[in-house]
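Structural overview for review
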Amino acid sequence: MSNINSENINGLLKTIQNLYLSDNIPWMIGYSGGKDSTATVQLVWMAIEDLPAYQRTKPIHIMNTDTLVESPVVSKWVEKSLEAMKEAATAKMLPFIPERLMPDYNNTFWVNLIGRGYPFPRRKYRWCTDRLKIQPVNSFIKSKIAEHGEIILVLGTRKQESSRRARTMANLEKRRVRELLSPNPTLANELVFSPLESWSDDDVWVFLMQYKNPWGYSNMDLLTMYRGATADNECPLMVDDSLPSCGKSRFGCWVCTMVEKDKSMEAMIANDDEKEWMTPLLEFRNEFGDEKGDRERRSFRRMHGDLQGNYGRLFHGPYKKEVREQWLRRLLEIQKNIRLSGPEEFHNIELIRKEELQAIRRIWVFEKHEFDDSLPLIYEEVLGIPFEDPSWIHEENFGREEWNILKSLCDESYEDEELVFEMMYKMIDIENHATGLNQRKGIIDSIERVIGQTFYKNEDDAQNYYFEKMTRKKEMGGRYNEKFLDYIPADADENDEDAVGESE
């Protein structure tokens, strides 16, 4: 049962006005497109619009974080909503500035998963939230703090969202430096205002249904979108990793593997035949996010080629070359099919941006030494058009033809040696790029490092080597990996430990 009435709303609007007029500190509102953030923006908008024009002097930035892997339906909703806000704010001379924040193109979900080969995010290896959400928001906020000295962050957080959220908000209340404003524990000179802190779900919906959206968007359409999915929480604006995982949110990333199933997308597809075009997205997410068999898709060495283990076996690190290439091909195929047969408004959808593809190409060729340069070929085979990369500097000496010749020679001469081809192509690529005097500095160390990472015959050989190394350290009184050598509990959660062992 909602406790919201016109008297409550009018009192809150007056509170917002007084807070806005009390200083010159600019405001920032977190906007995800969900019900709580929509209600928050609407409250502030209504309060500011009711002020005389000469008092609307302080900028109010409406921040939305586009992870580039948001649910396409919600992403389109937010995109159009921000456009409507911008038009309405300009027409009414209001100080609202919609901002769509994105992660650095060199640090997106696909660049890390397909490019660098990071294992998909999981309970004890949640690398996505910080890179996709926290860093873009904090970077923007820090730039405004540097410009103005202090900012007020307005969030749609509510105590009734969860017991954890209630505890967090209660602790922040105790530290308030001014009425209604709490310091952000993770960022200096940032104060947090939560106008919905005591509201319930019913309060939010009653407000949205009773008060017309001031930027001309439809709150009824928002309700319809919620009805199309299971009961759950929206994805909050992520400003620190203590907030709930977006995997438990209604409107989160379609690639999220923090939960076993994406129930919201499943429900959207099941409840609306017009959203059946999203089925391949759901299937692909379930494919790369499947824990079963994930070890076999990954190298038995960590990201930088070293060995480490737990519970008597080696940690598995980044995804293998063939797996990364297969997933890139699959993603481009899905994008192509949606453009051809999906709804008209998604005919220009970009599941992966050109800038991300360029970043992946450079990681594969320059960091992983895969000089066959397979990305342009995959792109052209799937989409039927050449891959455009104007800043790419073509390497004349070695390419796909030389790669194939080298591979056939290694397979023929050393068919039992799994890593000999990798050893050869990495050493050749290192030597090929060391053309100048400066580039040749440290080349011996680089080659020795490659040999040290690839001299094993296979995983069994590497694991035996690591076992013997730890045994020698133990016998000589040195520091050794006790969990690998001595401690092998029967109920060890091997999957989680395997993920924890991964690092950048």
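Above this text sits the structure in question.
Here goes a summary of the coordinates provided. Owing to the predicted nature of the structure, the values given are computational and were not obtained by experimental measurement. (Residues numbered from 1 in each chain as written. Predicted model: local features only at pLDDT ≥ 70, side-chain atom pairs only at ≥ 80, totals over all residues. Heavy atoms only, no water.)

Attention now moves to the sheet that holds strand β6 (residues 190-193). Here we have six strands laid out as an open sheet, ordered β3-β2-β1-β4-β6-β5, and mixed in their pairing. On the outer flanks of this sheet lie β3 (96-101) and β5 (182-183), each paired with one strand and no other. Across the sheet, helix α2 (residues 35-49) lies against β1 (27-30), β2 (60-65), β3 and β4 (151-154), angled at about 145° from β1, the strand it touches most. Contacts from helix α3 (residues 72-92) reach β2 and β3 within the one sheet, and its direction differs from that of β3 by about 155°. (Pairing = 2+ DSSP bridges. Helix = DSSP H or I, 4+ residues; strand = E, 2+ residues; numbered from the N terminus. Contact = heavy atoms within 4.5 Å. Axes fitted to C-alpha atoms, helices over the stretch in contact; angles between N-to-C directions.)

One pass over the structure, following the stated rule, counts 30 salt bridges. One salt bridge connects Asp-23 with Lys-58, and the closest N-O pair in it is separated by 3.0 Å. Remark: Lys-58 occurs in the loop between α2 and β2 and Asp-23 occurs in the loop between α1 (6-21) and β1; sequence separation between them is 35 residues. What makes Lys-58 buried here is its relative accessible area of 4%. Asp-36 is the salt-bridge partner of Arg-158, the closest N and O atoms lying 3.1 Å from each other. Here Asp-36 lies in helix α2 and Arg-158 lies in the loop between β4 and α6 (163-174), a separation of 122 residues in the sequence. The exposure class of Arg-158 is buried, given its relative accessible area of 1%. The network of salt bridges with shared partners includes Arg-122, Glu-291, Asp-294, Arg-297 and Arg-298. (Salt bridge = Lys/Arg side-chain N within 4 Å of Asp/Glu carboxyl O. Buried < 20%, exposed > 50% of the residue type's maximum accessible area, 1.4 Å probe, protein only.)

Let us now look at the environment of Ile-443. With respect to the element layout, Ile-443 can be found in helix α17 (residues 443-454). Judged by its relative accessible area of 8%, Ile-443 falls in the buried class. For the pair Ile-443 and Glu-431, spaced 12 residues apart in the sequence, the C-alpha separation amounts to 7.5 Å. Look past the residues within four positions of Ile-443 in its chain and what remains in contact with it is Ile-430, Glu-431 and Ala-434.

This brings us to the packing of helix α4 (residues 109-116) against helix α12 (residues 354-367). Here α4 crosses α12 at 30°, and the two axes come no closer than 9 Å. When the axes of α4 and α12 are compared, the pair comes out roughly parallel. Both α4 and α12 take part in a crossing whose hand is right-handed. Contacts between α4 and α12 involve Trp-110, Val-111, Ile-114, Gly-115 and Arg-116 from the former and Glu-356, Ala-359, Ile-360, Ile-363 and Trp-364 from the latter. Class assignment of the residues belonging to the contact of α4 with α12 gives a composition of seven nonpolar, one polar and two charged. (Parallel < 35°, antiparallel > 145°, perpendicular 65-115°, else oblique. Left-handed = near helix turned anticlockwise from the far one by under 90°. Nonpolar A, V, L, I, M, F, W, Y, C, P; charged D, E, K, R; others polar.)

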